[in-house]
Amino acid sequence: MDAVQLDGLDPPAENGNVSQSEPHKRLSQVDTVVLPFLGGFGRYQRRLVALTWIPAFLISFIQFSDHFLLGQPDRKCVRPDQNRTSSGRDIFDLIATGNAAESSNVTACVCSEWWFELQSGLQQNVVTKWTLVCDGEWKVHIAKFSLLVGSIFGYLLMGAMADWLGRIPVLLVSVLSVLVFGLAVAFSVDMAMFSTLRFFEGFCLAAIRLSLYVLRIELCLPAWRFSMTMIASLIIVSGQLLMPGLAALCRDWQILQIVIIAPFVLMLPYVWMFPESLRWLLVTQHYQRAKRQIALYLLREDDDDEDDDDGFAELETELQQKPKTYCVTQLTGTRNLWKNTVVLCVNSLTGYGIHHCFARSVLEGSASHLHYYALAAIAIASCLVLFPVVAGFGRRGGLLTFMIITALASLLQLGLLNRTCVYSSIVSLVTVLRDTLNQRFSYAFSIIGMFSSHAVSTLSIFYCAEITPTVIRGGGVGLVLASAGFGMLTAPLMELHNQKGFFLHHVILTCCTLLCIICIPLLPETAGQPLPETIAEGEGLLRRPILPGEQHHLLARTEVREYSRVQDTPLHQVVNPGNGSVPSNSTANGVRTS
């Protein structure tokens, strides 16, 4: 077979001759040159994307297992503790200081034997096995902390490792580890062992989710990226819907833990079935492995048995290049990329954090299946509405739309809560009717807020994966997912403090939504654009105007460069690695399209 040339990349020069770019520059343009040459989003790529959907069920089972393993049961004291009835002085002191509610809790907890009834479908869970009620209830919140904190560390550390070693090695090690720690959780002998193992289980689960997310993004062409990611999100919510039935079949928390962990064995063959990301191999100059990868792509896409080892002239000239390594800490040396990442991290944290505030207003601590399914239905509706909104407004416009809805719902709900607190001391029929109406409006705004905040958090993660360049995409996505984990931590944190300071917590997150509304228009639009491969390309992603007339008031990019003196930055190298001239349609906000 003759040597294959990856044509269609070099634009004509001003003198009419075709400029010859460096081979590694041609190979780094995966979306515009390499993948179209390999058949685009063909059958082989579609099969690989489908393989990333299958573990989504397993990830969702562990992600929502807290509702079943650590759910608080209905309880009743069967045998009061006669040895603790002498604590009446403590109860009297609580009543005298005005803490009547705490005094009633102390009275109810004077018990030596309990009767429990779970609403989650299980006959026994962690709480009922070790009697984690009253004085021991704080251990339940620590167990919820441990899974989330482990996930945060997993996103941060394993994201950086995915950029250094590759996506597949991180995936393989994480699958092996989650099997070990996940099965060990089922055989915990006390709550300390359970919480510790859950930390490592969350660490490994985060690495699996991150590596699959990045692989899925890097497999797809621009027209398919968003739809393939949203299908994976819908599969995760489907796993949430199946979890109550699975719990009802298992009946015991240990059996349930084994059932949701054991299927990860099916992911072990991924090390042979799933190839390394071709984008990552080309951009980090692993050209020997990339050559074998391209040959595999052509073999799977074509029906003939031609030998493709003779071609790939660009690869042949670059085989002696040494691989390069990158780290997410290189974000600190950029001008624009780190700002975009910070904005999306704050969006993700705010979306997940305020989602709990809305959910608490609706659930009020309930663990019934009706409320559980209501949350899943809201998540499904959010994912479905994301399709037309993002298709019509783009990534930036869709994110801004949902953030505005979240802020409005939060502000209106805070206003209703404040009115309820003000008028609750007035005993009259009008006040009771007003409070009832306010409560119903509060429920409505909470449902709208959960709907929009779920969309904000989902779109923020996807947006960051498109903005972050391939060389540090694992670390960048890890940062935004870790920020989402911090937002999720607000739920057990509020429960640990018995919801004290909840109103102030809600106010702070509402202020964050307003801050995000200001910052989102500064992000670049990535819809239909190739993924940035290098840090320089990611730095070159600049904001495009939202309003049509805004374009005419912008400085030309040459004037901006002279003003800000960025000749030595990666942005200047992206604009023109040669003599410094810029295209005539370039502006400070990107390329003029009209």
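Residues numbered from 1 in each chain as written. Predicted model: local features only at pLDDT ≥ 70, side-chain atom pairs only at ≥ 80, totals over all residues. Heavy atoms only, no water.

**A word on the pattern of salt bridges**
So, step 1. Per the stated rule, a full pass over the model turns up 8 salt bridges.
So, step 2. Residue Asp66 pairs with Arg198 through a salt bridge whose shortest N-O separation is 2.0 Å. Of this pair, Asp66 sits in helix 4 (residues 66–69) while Arg198 sits in helix 10 (residues 191–219), placing them 132 residues apart in sequence.
So, step 3. By relative accessible area, which is 0% here, Arg198 ends up buried.
So, step 4. Within this structure, Asp163, Arg167, Glu218 and Arg473 form a network of salt bridges that share partners. (Salt bridge = Lys/Arg side-chain N within 4 Å of Asp/Glu carboxyl O. Helix = DSSP H or I, 4+ residues; strand = E, 2+ residues; numbered from the N terminus. Buried < 20%, exposed > 50% of the residue type's maximum accessible area, 1.4 Å probe, protein only.)

**Comments concerning the packing of helix 8 (residues 138–165) against helix 10**
So, step 1. Put simply, helix 8 and helix 10 touch, their axes get as near as 7 Å, and they point 35° apart. For the pair helix 8 and helix 10, the sense of crossing is right-handed.
So, step 2. Residue composition of the contact of helix 8 with helix 10, grouped by class: 16 nonpolar, 7 polar and 4 charged. (Axes fitted to C-alpha atoms, helices over the stretch in contact; angles between N-to-C directions. Left-handed = near helix turned anticlockwise from the far one by under 90°. Nonpolar A, V, L, I, M, F, W, Y, C, P; charged D, E, K, R; others polar.)

**Focus: the nonpolar core**
So, step 1. Ranked by size, the top nonpolar core spans 73 residues in total, and within it Ile208, Leu256 and Phe264 carry the most contacts.
So, step 2. With 10 residues, helix 3 (residues 43–63) is the largest single contributor of residues to this core.
So, step 3. Apart from residues no more than four positions distant in its own chain, Ile208 is found in contact with Ile59, Leu171, Ser174, Val175, Val178, Phe264 and Met267.
So, step 4. Core analysis: the next-biggest nonpolar cluster, separate from the first, contains 61 residues, Val214, Val390, Leu399 and Phe402 among them. (Core = buried A, V, L, I, M, F, W, Y, C linked by side-chain atoms within 4.5 Å. Contact = heavy atoms within 4.5 Å.)

**With respect to empty space enclosed by the protein**
So, step 1. Taken as a whole, this structure holds 4 cavities of 30 Å³ or more when the rule is applied.
So, step 2. Empty space within the largest cavity amounts to approximately 60 Å³.
So, step 3. Lining the largest cavity are Val30, Leu35, Gln45, Glu218, Leu219, Ser277, Leu278, Arg279 and Tyr297.
So, step 4. Elements that contribute at least two residues to the lining of the largest cavity include exactly helix 2 (30–37), helix 10 and helix 14 (278–283).
So, step 5. Split into classes, the residues belonging to the lining of the largest cavity amount to 5 nonpolar, 2 polar and 2 charged. (1 Å grid on protein atoms, 1.4 Å probe; cavity = no way out; pocket = protein on both sides within 12 Å on 5 of 7 lines; lining within 4 Å. Points joined across faces, edges and corners; volume = space filled by probe spheres on them.)

**Some thoughts on unusual backbone geometry**
So, step 1. Notably, Arg251 is not glycine yet its phi reads approximately 70°, a positive angle.
So, step 2. Mapped onto the fold, Arg251 is located in the loop between helix 11 (225–250) and helix 12 (253–261).
So, step 3. Looking at Arg251, the relative accessible area reads 35%, which means it is partly exposed.
So, step 4. For Gln285, which is not glycine, the phi torsion reads 65° and is therefore positive.

**Points about the confidence of the model for the protein chain**
So, step 1. Here the protein chain shows a mean pLDDT of 78. Residues at 70 or above account for 73%.
So, step 2. In this model residues 305–311 is a low-confidence stretch, pLDDT under 50, and it forms 13 contacts with partners more than four residues away in sequence or in other chains.
So, step 3. Contacts of residues 550–594 to residues separated by more than four positions or lying in other chains number 58 contacts, the stretch itself having pLDDT below 50. (pLDDT = per-residue confidence, 0-100.)

**Some details on the side chain of Thr513**
So, step 1. Turning to its location among the elements, Thr513 is positioned in helix 22 (residues 502–519).
So, step 2. From its side chain, Thr513 meets the backbone oxygen of Thr510 in a polar contact 2.4 Å long.
So, step 3. Dropping the residues within four chain positions of it, Thr513 is found in contact with Thr350, Ile354, Met403, Thr406 and Ala407. (Polar contact = N/O pair within 3.5 Å; in protein donor to acceptor, adjacent residues only side chain to side chain.)

**Observations concerning the packing of helix 3 against helix 10**
So, step 1. Across the interface, helix 3 lies against helix 10 with an axial gap of 10 Å and an inter-helix angle of 155°. Considering their axes alone, helix 3 and helix 10 lie roughly antiparallel with respect to each other. For the pair helix 3 and helix 10, the crossing hand works out as left-handed. Across from Gln45, Leu48, Val49, Thr52, Trp53, Pro55, Ile59, Ile62 and Gln63 in helix 3, the residues of helix 10 making contact are Glu201, Leu205, Ile208, Arg209, Leu212, Arg216 and Leu219.
So, step 2. Residue classes in the contact of helix 3 with helix 10 are distributed as 10 nonpolar, 3 polar and 3 charged. (Parallel < 35°, antiparallel > 145°, perpendicular 65-115°, else oblique.)

**Focus: helix 22**
So, step 1. For helix 22, built from 18 residues, the straight-helix expectation of 26 Å at 1.5 Å per residue is met to within 8% by its first-to-last C-alpha distance of 26 Å.
So, step 2. Those residues of helix 22 that sit buried are Phe502, His505, His506, Leu509, Thr510, Thr513 and Cys516. All buried residues of helix 22 lie within an arc of 140° about the axis, which places them on one face of the element. Within helix 22, the exposed residues directed more than 90 degrees away from the buried face are Leu504 and Ile518. (Expected span 1.5 Å × (residues − 1). Arc of directions from axis to C-beta.)

**With respect to the environment of Gly540**
So, step 1. You can see Gly540 is positioned in the loop between helix 23 (535–539) and helix 24 (557–564).
So, step 2. Residue Gly540 is classed as partly exposed on the basis of its relative accessible area of 21%.
So, step 3. Each C-alpha atom, one on Gly540 and one on Pro524, is 9.7 Å from the other, the two residues being 16 residues apart in sequence.

**Quick notes on the packing of aromatic side chains**
The description of two aromatic rings rests on the distance between their centres and on the angle between their planes.
So, step 1. A complete count under the given rule lists 13 aromatic pairs for this structure.
So, step 2. Note on Phe226 and Phe462: the rings are 5.2 Å apart at their centroids and 70° apart in plane angle, and the pair reads as edge-to-face. Taken as a pair, Phe226 in helix 11 and Phe462 in helix 19 (residues 429–467) lie far apart in primary sequence, 236 residues in all.
So, step 3. Overall, the relative accessible area of 8% leaves Phe226 in the buried class.
So, step 4. Here Phe462 falls in the buried class, since its relative accessible area comes to 0%.
So, step 5. Their ring planes at 15° and their centres at 6.0 Å tell us that Tyr270 and Phe274 sit as a pair that is stacked. (Phe/Tyr/Trp six-rings, centres within 6.5 Å; stacked < 30°, edge-to-face > 60°.)

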